[in-house]
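Take a look at the letters that make up each chain.
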There are 2 protein chains.
Amino acid sequence: MLQSKLFYKTTKNKTAGVDSISHDFLTRAGYIDQLMAGVYSFLPLGFSVLKNIEKIIRKNMEEIGGQELLLPVLQPKENWVKTDRINIEKEIIFLLKGNGYKEYVLGPTHEEVVTPLAKRVIFSYRDLPFYVFQIQDKLRDELRPKSGLLRVREFMMKDLYSFHANQTDLDNYYEVVAKAYGKIFKKCGIGSVTYRTLASGGSFSKYSDEFQTITGAGEDLIYICKKCGIGINKEIKNENLKCPKCNNSEFEEKKAVEVGNIFKMGTRFSLPFDLKFTDRDGHDKLVLMGCYGIGLGRLMGAIVESSYDQKGIIWPKSVAPFLVHLLQFDNTPKVKKAAQKLYKDCQKEDITILYDDRENKTAGDKFNDADLIGIPYRIVISEKTLKENSVEIKERSKEKAKLVKITQLQKFFKNVKKN
Amino acid sequence: MLQSKLFYKTTKNKTAGVDSISHDFLTRAGYIDQLMAGVYSFLPLGFSVLKNIEKIIRKNMEEIGGQELLLPVLQPKENWVKTDRINIEKEIIFLLKGNGYKEYVLGPTHEEVVTPLAKRVIFSYRDLPFYVFQIQDKLRDELRPKSGLLRVREFMMKDLYSFHANQTDLDNYYEVVAKAYGKIFKKCGIGSVTYRTLASGGSFSKYSDEFQTITGAGEDLIYICKKCGIGINKEIKNENLKCPKCNNSEFEEKKAVEVGNIFKMGTRFSLPFDLKFTDRDGHDKLVLMGCYGIGLGRLMGAIVESSYDQKGIIWPKSVAPFLVHLLQFDNTPKVKKAAQKLYKDCQKEDITILYDDRENKTAGDKFNDADLIGIPYRIVISEKTLKENSVEIKERSKEKAKLVKITQLQKFFKNVKKN
C-alpha cells in the first residue's frame, strides 16, 4: 500500500478526551475514529488488524470443531421475555420498535437465537455434541463507555456455543476451549500477561472463567495466586480467602481487562426453549450448553495496552496491519527506483508492506509516523544507505537499526515471513 | 466436512409460507433459517456461500483502488437530521433511544457517517480522489419483507463511496465501478441475465444505474431495448418513450430483482456536512461523491433464482459452499476406506469437499439431498463402482454421470480447480 494513498491522517497532538494509551495511539495513528461515545469506525489500518485477529480466532475455533454461521443483530423481543433476560439485562439492552409495532432486541449476545435454532437439528443423542460460532457485530448499551475500544456500545465478538448430552462432555469441551483461548492470546502477543481467572458461575455451575489481561487501563481487579499462578476475580476473592485451586492465601492484586470468557450454561437456555434430545436410554433430556466469547476490538485495545513505548504502538507480527514499513528519504530518482523495486519485491514475496512514498514530509515526520503506527519492521532507503548498496532495517521493538546489503535482502524476507 | 457433523437438516417438504424458489430451496437445504419476517440466520452452508461472494466482491473492489474499512451500525440521529433523510427515509429507518435519551439510527446506508469521516482527511485537491468500501450489516425496516433473501430487514451489503475533485473524475470512476460490477455478476454466474438498467438520478445527476437480474421472483419491471440491449427501469420508461441510448422504442418487459446500484451523488452529502477541499486555483470547493452498493444476501438469492432445476439448486463453482460432494453407498469397510482416501486427497489438493458419510441414509435420500444442496461435482463410491476400480462422477448441471478410474482422478482434480 502506498502511504500517500492511505485513508488516514496521523495527528501529533494527544487525542482530546482519551482515557487510555490504546485509545490515544489508535486514534492518532489513524486506526480508529470515534463516531460517538462508545461507537467507533475502523479505518483501513484498524480494519486490517481486526481481520488479522479474526483470522487467528477463526483458525482456532475451526480446529476445535466450530462451524461458522452468522446470526442477525435483530432479535425478537419474545425470546428475551422467555428467558427473562429482558428484565435481568434491562440496563444494557437496546430495545426497539419497528413497523407494525414489532419489538426487537439488538443482540448483545445470541443464546436467544441459537437455542431455538438448535431445536431444529437436535433430536437424538446422535446429533450431539456440536459447536457453532460466529464473528459478528454486538450491541450493548453501556452506561459509561470508556477507554476507547476497551468499553464500547458496538463491537465485533466471536461467540461460540456448544451443545452436549451430558455434563462430562460439556466439562471436557470447556477445557478444550480454554486451551484454544490460551493459544489465541499467545498468538496475539498477550499470552504472558493474560490470566485464566476464576469467576462466579451463576446458579448453574460453580465457576466460570474469564481471561484477564493485566493493564493499568483495566477496570477489573484480579488476584493472582502467588503459589499456583491462576487468577481469581474480585467476586471470588470476597467469597474465598484462599485460592480454590491450591488453598494458598497470598495474592497479588492487579488491574486487568477481560478479553474473553467461557461459561457453562448448563440448562439455563435449553430449559426455557425446551431444547431436548432422546438419550440412549430412550428418555428425553435437556441439552447442556456452554458459551464462549472474545471481543475482537477489546482484544485489539488490550494488545496495544500491552505493547507500546512513548512514541507509539509496537504490534506483534501476528496482528500488525503490515509487516514492513518502507520509508523513502531524499526523493531522488535513484532512491525512488530502489524503493519501488523493494516495494515490488516484498509484494512478490507475499510480505505486506506500507510504502511511505510521501514527498512533502520530512524525515522526522516519517520516523515519527512510523513509530506511532508501529509496524514490526522499518526499512529506510536514502542516498546515504544506497552509497553503501544497503538499506537500513530496524525492528520496532528494538533500539538499534542496522545496515543490510540489498543483495542480502532475501535472508531478511525469510526472517520476516517466519512466525 | 463430514456431512454427519454438519449443522443442518434438509427437509423434503416445501417450506411453509415461501413465495420464491430461492427461499424454498435455501431453507430446505439448510442454507438459511428465518428468525422472523425479513430476518435470516446464515447456517454453515449459507455462510460459506456468503463468504465466497464476499471474496469475489472484495477482490474487485480492491482492484479499483477501494480501501476497506468498517463503519458502525449505530449512527447518531443528528447526522440524519442534517441531511433531512430522517424525514425522507422515515418509513424504512429504524430509530432507537438508548441510555441518556441518546437517539440512534440503525444504518440502512452510511453516507451520514462516511462524509463527516472524510472531512478529517480531505483538505486539498491532493487528497482526492479516494475510494473506501465496507462489507457490513445494514438494517432497513421494509414494510413488506418477502421472497426470502430478496427483500429483507437485515442484510450484508457492500457499500463503496468515492470522493472527487471534479465531475469528469467522478464520471470516469463511475464507469470503472460499472465495469467492476459487470465482472462481479459474471463471476457469480448471473452475467448473462443481469442488465445495467438506467434509473433516475434524483436531483443531482440525470441518471443512476441499477443492475437488474431477470427472474420471475423479481418485484421490479425492466424494459430491455431490442436494439442496444441496455435496460431502463419503469420510472425512466414512463418518462421516455424511446431508449435514451439509441432512440429505439421497442422494448421487452421483464420481471427482475435489483442486485446492485451505482449513483452519482454529486454534492448531495458534501453540502450538508460542508465537505470541501482547496483546489489548484486556491478556491474552496465542495467534494463530489459517488456511492455504489451490492446486497450480498440478495445476490445469493438471485443466483439461486437463476440456476436451479426441480430437484434443487445448481451452484456456479465460484460461490458453491463446496466444490465436491462425495456420497458413500454400501457402508462396507472397502467402500469406507476408498471414500476416506478420496476425502483426504481432495483436502490435500485444496478442493473443498462435503463427504456424505451418513450410514443411516438410503442411496435415494443421499441423491435427493445432493441435488437439493447443489454442489457442482457429485462423486459416488459404492461396491459397484469399486468393482470397476472407479468412482461415479456427475456434474450437478449435467444429465449424465460417468465412471472414472480412481487412477485417473488427478485429471479430474485439475479440472475442478480450473476457474
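Residues numbered from 1 in each chain as written. Chains lettered and ligands numbered in written order. Predicted model: local features only at pLDDT ≥ 70, side-chain atom pairs only at ≥ 80, totals over all residues.

Engineer: Just checking my understanding: could you explain the relation of the copies chain B and chain A for this structure?
Structural biologist: The two chain copies are connected by a rotation around an axis plus a translation along it. Each copy superposes on the other: chain B lies on chain A with an RMSD of 0.0 Å after a rotation of 180 degrees and an axial shift of 0.0 Å. Here the copies are linked by what is in effect a two-fold axis. Of the C-alpha atoms belonging to chain B, the one lying closest to the rotation axis is found on B:Leu96, 2.8 Å away. A high fraction, 100%, of the interface residues of chain B reappear at the interface in chain A, so the copies pair face to face through one surface. (Least-squares fit on C-alpha atoms with pLDDT ≥ 70 in both. Contact = placed C-beta atoms within 7 Å.)

Engineer: Explain the confidence of the model for chain A here, please?
Structural biologist: Regions with low pLDDT should not have their predicted coordinates read in detail. Confidence in the prediction of chain A, expressed as mean pLDDT, is 95, and 100% of residues score 70 or more. As scored by the predictor, the complex reaches a pTM of 0.97 and an ipTM of 0.96. (pLDDT = per-residue confidence, 0-100.)

Engineer: I keep staring at the sheet that holds strand 20 (residues 353–356) of chain B and nothing clicks. Help me out?
Structural biologist: Sheets are built from strands that pair by backbone hydrogen bonding, the pairs being arranged parallel or antiparallel. Residue and element names in this part refer to chain B. Overall, mixed pairing links the five strands, which are arranged 20-19-21-22-23 in an open sheet. A single partner strand is all that each edge strand has here, and the edge strands are strand 20 and strand 23 (401–405). Within this sheet the neighbouring strands show an average axis-to-axis angle of 25 degrees, counted without direction. Here strand 19 (residues 324–328) runs beside strand 21 (residues 377–381); their pairing, made up of five bridges, is parallel. (Pairing = 2+ DSSP bridges. Helix = DSSP H or I, 4+ residues; strand = E, 2+ residues; numbered from the N terminus. Axes fitted to C-alpha atoms, helices over the stretch in contact; angles between N-to-C directions.)

Engineer: Explanation requested: the domain arrangement of chain A in the structure shown.
Structural biologist: One frequently used descriptor of interface size is the decrease in accessible area upon assembly of the parts. On domain assignment, one finds that chain A holds domain 1 (21–309) and domain 2 (324–417). Domain 1 of chain A and domain 2 of chain A are separated by 40 Å when their C-alpha centres are compared. (Domains from an automatic or database assignment.)

Engineer: Sorry if this is basic, but what is going on with the pairing of strand 5 (residues 94–97) of chain A here?
Structural biologist: Two faces make up the sheet, and in a regular strand the side chains alternate between them. All names here are of chain A. Of the two faces of strand 5, the one holding Phe-94 and Leu-96 is buried and the one holding Leu-95 and Lys-97 is not buried anywhere. Bridging between strand 5 and strand 6 (residues 103–106) involves four bridges; their strand directions are antiparallel. What sits directly across from Leu-95, in strand 6, is Val-105. Counted along the chain from strand 5 to the antiparallel partner strand 6, the turn is five residues long, and its residue Gly-100 has a positive phi close to 70 degrees. (Buried ≥ 20, exposed ≤ 12 C-beta atoms within 10 Å, placed from the backbone.)

Engineer: Would you explain helix 5 (residues 111–119) of chain B in this entry?
Structural biologist: Turn by turn, an α-helix covers 3.6 residues, leaving residues three or four places apart pointing in a common direction. When you tally the buried positions in helix 5 of chain B, you get seven out of nine residues, the bulk of the element. Within the sequence span of helix 5 of chain B, burial applies to B:Glu111, B:Glu112, B:Val113, B:Val114, B:Thr115, B:Leu117 and B:Ala118.

Engineer: Would you explain the environment of B:Lys206 in this entry?
Structural biologist: Position of B:Lys206 relative to the elements: it lies in the loop between strand 9 (194–200) and strand 10 (207–214). Each C-alpha atom, one on B:Lys206 and one on B:Ala165, is 19 Å from the other, the two residues being 41 residues apart in sequence.

Engineer: What's the story with the pairing of strand 2 (residues 39–42) of chain A in this structure? I'm lost.
Structural biologist: Residue and element names in this part refer to chain A. Two elements, strand 1 (residues 32–36) and strand 2, share four bridges in a ladder whose sense is antiparallel. From the neighbouring strand, Met-36 faces strand 2, where its bridge partner is Val-39. Linking strand 1 back to strand 2 in an antiparallel pair, the connection comprises two residues, with Gly-38 at a positive phi of about 75 degrees.

Engineer: Would you take a moment to explain the packing of helix 2 (residues 44–63) of chain A against helix 6 (residues 167–187) of chain A for this structure?
Structural biologist: Packed helices, taken two at a time, are described by the angle their axes make and the gap between the axes. All names here are of chain A. At a minimum axis separation of 10 Å, helix 2 and helix 6 run at an interaxial angle of 155 degrees. As judged from the angle between their axes, helix 2 and helix 6 are roughly antiparallel. Between helix 2 and helix 6 lies a crossing whose hand is right-handed. Between helix 2 and helix 6, the contacting residues are Ile-56, Ile-57, Asn-60 and Glu-63 on the first element and Ala-180, Lys-183, Ile-184 and Lys-187 on the second. Tallied by class, the residues present in the contact of helix 2 with helix 6 amount to four nonpolar, one polar and three charged. (Parallel < 35°, antiparallel > 145°, perpendicular 65-115°, else oblique. Left-handed = near helix turned anticlockwise from the far one by under 90°. Nonpolar A, V, L, I, M, F, W, Y, C, P; charged D, E, K, R; others polar.)

Engineer: Can you help me understand the interface of chain B and chain A in this one?
Structural biologist: If you look at the interface, chain B gives 40 residues, while chain A gives 40 residues. The set of elements that each furnish at least two residues to the side of chain B that touches chain A consists of strand 1 (32–36), strand 2 (39–42), helix 2 (44–63), strand 3 (67–68), strand 4 (74–76), strand 5 (94–97), helix 5 and strand 7 (130–139) of chain B. Grouping the amino acids of the side of chain B that touches chain A by side-chain chemistry returns 27 nonpolar, four polar and nine charged.

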